Each structure stands twice: as C-alpha cells, then as structure tokens.
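# A look at the structure
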Amino acid sequence: MATRLKIKTTEGDIVIRLYDETPRHRDNFLKLAKNGYFNGTLFHRVIKDFMIQGGDPDSKNAPKGKILGTGGPDYTIPAEFVYPRYFHKRGALSAARTGDEVNPDRESSGSQFYIVWGKIYKPAELKQMERQMAMQQEQEVFNLLAKEHREEIMEFRRNRDQAGLQTLQEQLIEETKKICRQKGKPTFTTEQTEAYTTVGGTPFLDNQYTVFGEVEEGINVVERIQNRKTDRNDRPTEDVKVESIAIL
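First things first, this report covers the structure right here in the doc. What you see is a predicted model; the values in this text were computed from it and never measured.

### Points about the pairing of strand S2 (residues 12–18)
Across seven bridges, strand S1 (residues 3–9) lies against S2 in antiparallel orientation. Looking across to S2, one finds that Lys8 is bridged to Asp13. Once S1 ends, the chain turns through two residues before running back antiparallel as S2. Direction of pairing for S2 relative to strand S9 (residues 211–217): antiparallel, over a ladder of four bridges. Opposite Leu18, over in S9, you have Gly213 as the bridge partner.

Quick look at the structure:
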C-alpha cells in the first residue's frame, strides 16, 4: 500500500507519495509528520528552475533576513540510493544533506527535504552530461586508488623519487581505466532520457542525493513556489509556510 501525504501550504496543497524502497527515509518522514514537526516551517530555500527546499525547524517564526538551512534533529539518515529507478525528475521528493567534503557517505539531513522543479534538457545536453559523468567516475576511482597507496606516495615524495611517483601514477591510471571498463560507462536510462527531455528535472543530482518520493498532485503549487521572488540567500521575500502534513 502506497504511503501518501498531503502537505498543506500557504500556496495550496501538495500530495506526495513516499517510496517503500527507501524505508528509512519513509519512516522518518512519517514520524516527523505525525509529530507535527513540519508544522509552521518555511520553504526557506527556493531557486527558480531548480527546486524548493523546506524542513528546517529553525525556520518557524524566523524573522525576515534570518539565514536558514542548518536546522534539524540531532541525527542523519544513511543514504538510500535506488538508482536509476528513482531519479531527479520534476516533482521528485529528495533529502537535503551537507556536502561531500564533510559528508563522504552522503547521509541525508534528519528533516530537510526538497522538491525538484529543474528544466527540460535537449538530448545533446544529456549526452554531454554523460561524458562528464564518465570523467567524474574516473576521477573518483583514481582518488580511491591513490588513497589506498597513500603511504607509498608519501614515501616517494619524501625521497624525491619522481621516477617512482611517475611509474605508480601510470599504474593507477591503468587500473582506473580497467575498473571503469568493468563498471561500464554511466548513461541515462530510456526512462530518464524521456523524463528529462519532456517533463524536466535536475539530472546532475542523480545518485548524489536520496530520492524517496514524488509529487502526485499539486505540481502547480510547486511551480508557484519556485517562481516566488527571493532575497540574496534564496529565501522567499514573502514566507511560504507548511501549515500541516496529513497522512492520507
């Protein structure tokens, strides 16, 4: 049985469906909704043609100009990537998180979420993105291998052994290419390509943030919110509030 909730906002109602394949995110969102955690929170970060973000408890009754986005419960949720089945199409419900540099496991915020708006892409743009994804994959694999050989690299540097460093680098590059061949080139599925070229979304966020639900009704409300005038910190100049979230 699908888990559906109605987010009542000052701009209108948004009905979302939570995915059973992301049980930790589903159960956490349900728990917070039942406890009234989101009531009175704002959509505190709104970027046109990108997304609307909410769920920060510090946004309740926040005075104008207050910088928001760091609030939440004292826990994070382990990432639940169900990719490529669930991706960042328009209307996707995803978990916000801190950046990779402080959060390499890409764990989600305990309460902050965003709803994707994005834009419609041309097929050529997606092809270019696939090439970038392949380069990023190579970089990530190489960095991982370099980390494994850190002591060896440090030893070469201490001894100023440039030839040894060069040989090791060439070995790691070869190993990187081999691993990437085994993994296969990252590509968008037919479903993703169809969605991104007709409905829209934010493909560059795929496999980076947990997608745990989607909008079933009220996408026009999301559109209205993402069109709101905002200040320099992306906060709407007129508050858009979550009044309540009810389980249907």
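### A closer look at the layout of surface pockets
Of the volumes computed, that of the largest pocket is approximately 610 Å³. Around the largest pocket sit 22 residues that line it, and Met133, Gln137, Glu140, Asn207 and Gln208 are the ones nearest its centre. When residues of the lining of the largest pocket are traced back to their parent elements, those giving at least two are helix H2 (123–148) and helix H4 (162–183). For the lining of the largest pocket, the element with the most residues is H2, which contributes ten residues. For the lining of the largest pocket, the per-class residue count stands at eleven nonpolar, six polar and five charged. When residues of the lining of the largest pocket are sorted by domain, at least three fall in each of domain 1 (3–119 + 200–247) and domain 2 (123–183). Of the pockets and cavities examined, the second largest pocket occupies roughly 450 Å³. Gln53, Gly69, Ala96, Arg97 and Thr98 are the residues nearest the centre of the second largest pocket, which is lined by 24 residues in total. For the lining of the second largest pocket, the secondary-structure elements that each account for two or more residues are strand S3 (43–47), strand S4 (51–54) and strand S7 (108–109). Looking at the lining of the second largest pocket residue by residue, the class counts come to nine nonpolar, twelve polar and three charged.

### Section: empty space enclosed by the protein
Taken as a whole and judged by the stated rule, the model has two cavities of 30 Å³ or more. By volume, the largest cavity amounts to about 70 Å³. As for the largest cavity, its lining consists of 13 residues, and the residues nearest its centre are Asn28, Phe29, Ser109, Ser111 and Phe212. A total of four residues in the lining of the largest cavity trace back to one element, the largest contributor, which is helix H1 (residues 23–34). Of the residues in the lining of the largest cavity, the class split is seven nonpolar, six polar and no charged. When its volume is computed, the second largest cavity comes out at roughly 50 Å³. What lines the second largest cavity is simply Phe81, Val82, Tyr83, Tyr86, Phe87, His88, Asp206, Asn207, Tyr209, Thr210 and Val211. When its residues are assigned to classes, the lining of the second largest cavity shows seven nonpolar, three polar and one charged.

### Things to note about the environment of Phe29
Tracing the sequence through the fold places Phe29 in helix H1. A residue is classified by how much of its surface remains accessible, and Phe29, at 3% relative accessible area, is buried. Separated by eleven residues in the primary sequence, Phe29 and Leu18 have C-alpha atoms spaced 8.8 Å apart. Ignoring any residue separated from it by four or fewer positions in sequence, one finds Phe29 in contact with Leu5, Ile16, Leu18, Phe38, Phe113, Phe212 and Ile245.

Rules behind the numbers
Residues numbered from 1 in each chain as written. Predicted model: local features only at pLDDT ≥ 70, side-chain atom pairs only at ≥ 80, totals over all residues. Heavy atoms only, no water. Pairing = 2+ DSSP bridges. Helix = DSSP H or I, 4+ residues; strand = E, 2+ residues; numbered from the N terminus. 1 Å grid on protein atoms, 1.4 Å probe; cavity = no way out; pocket = protein on both sides within 12 Å on 5 of 7 lines; lining within 4 Å. Points joined across faces, edges and corners; volume = space filled by probe spheres on them. Nonpolar A, V, L, I, M, F, W, Y, C, P; charged D, E, K, R; others polar. Domains from an automatic or database assignment. Buried < 20%, exposed > 50% of the residue type's maximum accessible area, 1.4 Å probe, protein only. Contact = heavy atoms within 4.5 Å.

Interpretation note: all reported values are geometric properties and have no functional meaning in isolation.
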